[in-house]
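# Chain and residue survey
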Amino acid sequence: MKSDKDLYRQLRNLSCDELWLGEVPLFNQAGPAERLKRVALIRAVGVVFSASGTPAQQTAVRDWLRKLLQDPAEKIRRYAMTALPKIGAGAGEEGELLSLLETTTVEREKKFLGRALEKIGGEATLAAVTKKPGLLPQTEQKVKASLARTASPSAIRLDRAIDPIPGLRIHLRCRKGLEAIVRAEVEEYIAQHGKFELLDFRSRCIALTPIAPFTLQDIYSLRCFATLGFGLGVVRETDAEKSVEGLAQVITSPLARQLFAALTEGSIRYRLDYVEKGHQRGAVRQVATRAYALCPEILNDASEAPWSVDLHPTGHGISVELRPKITPDPRLYYRTDDVWAASHPPLAACMARVAGRVDNEIVWDPFCGSGVELIECALRGGVKKVFGTDLDAQAITIAQANFAAAKLPNVTAQFAGVDFLNYAKIPGLGPQSVTLIITNPPMGRRVRVPNLRGLIANLFTIAAQALKPGGRLVFANPLKLDSPDRSLKLQSRQTVDLGGFDCQLELYRKE
């Protein structure tokens, strides 16, 4: 006999009619032993009908599942309560689950009832579980968070001024290899505005601390970092039980509460993320439940939470960071749309800084994608005109829309859907016509490139032709290939992690 998982895989490939008119009647007529053998049918029905069932069919399935909640077999009841949220349960189903919660004595069944009620529960569930403290603490927190999300949608206060907090660390994280560029941008900001002091500089992270009142908007005026997080502390315990207590105490510490309260509009909710460890559902449940016991006002919520509590493994424990989840990123106000394999905006900002600022700059991106590199260059200042070319017509449309949304009135832009080898056919482009070429070319990982080595060699050749004397080429080079044209002299090269593979961020200058 097939296992439950094997049978489920087989049944979920059937149509709604095949399940409802064929398999469900056989299941209903079978004896207790045979029903248990085919219990995977309940899961398959929930999944298939939630995806492709009509409203009338879903209502019929819901009624069937509610009847199964009264089945003598605990396993059948458990499968039914798991399937109900998928099919769209409401107050009636919530009432059935709460009635079962009152009568069951099976601990495993209580656990699955709690998980179902986490998804569909409302005021009735919250009232039921709070009457019995400790009955289903995770369910209580999830339902409370769901109700708070509906009643008081949350947002991050970008413009709220925060007084300096002694010992507060702000971590600006970036891709490996870009740390020096992010640090240089931070130092430039400090020289102009003060407000912060640089603390340290390590792999993928630059740490600073406030020395004057600041806002999140101040930090988001920096363009080269990827994410920011407030350091809440480090838990050094390696014992699992002790680390749960330590993490919960850090998440609900006075520092965390102060930041949550000052920077949150609406309910305080967070998502717990074990960075670099993948899904850790059991550990998340333990830590979140303990944190809720310490501070019921701070709610763990995986749905639309304005905050993420990121747990970063270190050589001496777990670093806990409070990261604002601001969507869209305020720095990307111009991004109306994106294209597959588009550049990571902080990388584009770093490339613009590597290029430097030159007055009356004429910039060309041969593989412009959604136009991010061109926009980041223009935002740096000094740019007079930009050209963007790409073989993808949709990319050109998106790049034009993004550039218009960037609102750069003193910069003219021209986009064309042509092969970069034919650049001289574009009015305004030709030999020695541009002062900067900046690009993140296709690398063959997300967009197929038949001859990547030939493409990079051609880029060097075209750059040597199109650049004015003294002009620069800044690009992400996926190959260990130097310019074959001697007029292009390498000025700098740094290895950057582009998400699982290394690339060279290079600056050439034309003599």
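Note: the structure precedes this text.
Here we summarise the structure given alongside this text. (Residues numbered from 1 in each chain as written. Predicted model: local features only at pLDDT ≥ 70, side-chain atom pairs only at ≥ 80, totals over all residues. Heavy atoms only, no water.)

### Considerations on the packing of helix α5 (residues 55–68) against helix α6 (residues 74–87)
Put simply, α5 and α6 touch, their axes get as near as 8 Å, and they point 150 degrees apart. When the axes of α5 and α6 are compared, the pair comes out roughly antiparallel. Here the hand of the crossing between α5 and α6 comes out left-handed. Touching Gln58, Val61, Arg62, Leu65 and Leu68 of α5 are Ile76, Arg77, Ala80, Ala83, Leu84 and Ile87, all from α6. The residue makeup of the contact of α5 with α6, split by class, is 8 nonpolar, 1 polar and 2 charged. (Axes fitted to C-alpha atoms, helices over the stretch in contact; angles between N-to-C directions. Helix = DSSP H or I, 4+ residues; strand = E, 2+ residues; numbered from the N terminus. Parallel < 35°, antiparallel > 145°, perpendicular 65-115°, else oblique. Left-handed = near helix turned anticlockwise from the far one by under 90°. Contact = heavy atoms within 4.5 Å. Nonpolar A, V, L, I, M, F, W, Y, C, P; charged D, E, K, R; others polar.)

### Here we look at the environment of Val275
Secondary-structure assignment places Val275 in the loop between β7 (269–274) and α15 (281–294). Residue classification places Val275 among the buried residues on the basis of a relative accessible area of 18%. Separated by 35 residues in the primary sequence, Val275 and Asp310 place their C-alpha atoms 6.2 Å from one another. Those residues in contact with Val275 that sit more than four places away from it in its chain are Asp310, Leu311, His312 and Pro313. (Buried < 20%, exposed > 50% of the residue type's maximum accessible area, 1.4 Å probe, protein only.)

### Overview of the packing of helix α8 (residues 107–120) against helix α10 (residues 137–151)
One can describe the packing of α8 onto α10 by two numbers: an axis separation of 8 Å at closest approach and a directional angle of 5 degrees. When the interaxial angle is binned, α8 and α10 end up roughly parallel. Listed contacts from α10 to Gly114, Arg115, Leu117 and Glu118 of α8 are Gln138, Thr139, Lys142 and Val143. Residues of the contact of α8 with α10, tallied by class, amount to 2 nonpolar, 3 polar and 3 charged.

### Considerations on the pattern of salt bridges
Side-chain pairing between opposite charges can occur once the charged atoms of the two side chains come close. Counted under the stated rule, the structure contains 31 salt bridges. Close ionic contact of Asp329 with Arg331 constitutes a salt bridge, the shortest N to O distance being 2.9 Å. Exposure remark for Arg331: the relative accessible area of 5% places this residue in the buried category. Shared partners join several salt bridges into a network, and the residues in it are Arg66, Glu93 and Glu96. (Salt bridge = Lys/Arg side-chain N within 4 Å of Asp/Glu carboxyl O.)

### Thoughts on helix α17 (residues 372–380)
Along an α-helix, residues three or four positions apart point the same way, because every turn accommodates 3.6 residues. α17 sits mainly inside the fold: 7 of its 9 residues count as buried. Within α17, burial applies to Val372, Glu373, Leu374, Ile375, Glu376, Cys377 and Ala378. Those residues of α17 that are buried are in contact with α16 (345–355), β11 (361–365), β12 (383–389), α18 (393–405), β13 (412–416) and β14 (434–439). One or two residues past the end of α17 sits Gly381, with phi positive at roughly 100 degrees.

### Structural notes on the environment of Leu113
Note on placement: Leu113 falls in helix α8. Sequence-wise, Leu113 and Leu101 are 12 residues apart; in three dimensions their C-alpha atoms are separated by 6.8 Å. Filtering out sequence-adjacent residues up to four positions away, Leu113 remains in contact with Met81, Leu97, Leu100, Leu101 and Thr104.

### Details of the nonpolar core
Soluble globular proteins tend to bury their nonpolar side chains together. Counting residues in each nonpolar core, the largest one holds 92 residues, and the members touching the most others are Phe230 and Tyr270. Ignoring anything within four residues of it in the chain, the contact list for Phe230 reads Leu168, Arg169, Ile170, Phe214, Leu216, Leu259, Leu263, Trp307, Val320, Glu321 and Leu322. Listed in part, the 41 residues of the second largest apolar core include Cys16, Ala40, Ile120 and Ala128. (Core = buried A, V, L, I, M, F, W, Y, C linked by side-chain atoms within 4.5 Å.)

### Quick notes on the state of the cysteines
Under the counting rule described, the total for this entry stands at 0 disulfides. With no disulfide of its own, Cys503 lies closest to Cys350 among cysteine sulfurs, the gap being 13 Å. Given the relative accessible area of 2%, Cys503 is considered buried. (Disulfide = S-S within 2.5 Å.)

### With respect to the sheet that holds strand β3 (residues 196–202)
Read from one edge to the other, the open sheet built from 8 strands follows the order β3-β4-β2-β5-β10-β9-β7-β8, with strand pairing classed as mixed. Two strands bound the open sheet, and with one partner strand each, they are β3 and β8 (299–300). Direction of pairing for strand β2 (residues 169–173) relative to strand β5 (residues 227–235): antiparallel, over a ladder of 5 bridges. In the sheet register, Leu172 faces β5, and the bridge partner there is Leu228. Helix α14 (residues 254–263) rests against β5, β7, β9 (307–314) and β10 (317–324) of the sheet, and its axis sits at about 155 degrees to β5. Strands β7 and β8 of the sheet are contacted by α15, whose axis makes an angle of about 145 degrees with β7. (Pairing = 2+ DSSP bridges.)

### Observations concerning unusual backbone geometry
Omega for the peptide link from Thr327 to Pro328 comes to -5 degrees, which places this bond in the cis form. The topology assignment puts Pro328 in the loop between β10 and α16. Of note in this structure, Lys195 is not a glycine but carries a positive phi near 70 degrees. Here Lys195 lies in the loop between α11 (179–193) and β3.

### Some points on the pairing of β14
Side-chain positions along a regular strand alternate between the two faces of the sheet. With 6 of 6 residues buried, β14 lies mostly within the body of the structure. As defined by bridge partners, β11 adjoins β14 across 2 bridges and the pair is classed as parallel. Paired with Trp364 across the two strands is Ile437, which belongs to β14. Bridge count between β14 and strand β15 (residues 467–477): 5 bridges; the pairing is parallel. Bridging across to β15, Ile438 finds its partner in Val474.

### What to know about the sheet that holds strand β17 (residues 502–510)
The 7 strands lie next to each other as β13-β12-β11-β14-β15-β17-β16, forming an open sheet whose pairing is mixed. The sheet is open, and its two edges are formed by β13 and β16 (488–497), each paired on a single side. Adjacent strand axes in the sheet meet at a mean angle of 15 degrees when their direction is disregarded. Across the sheet, α18 touches β12 and β13, and the angle it forms with β13 is around 170 degrees.

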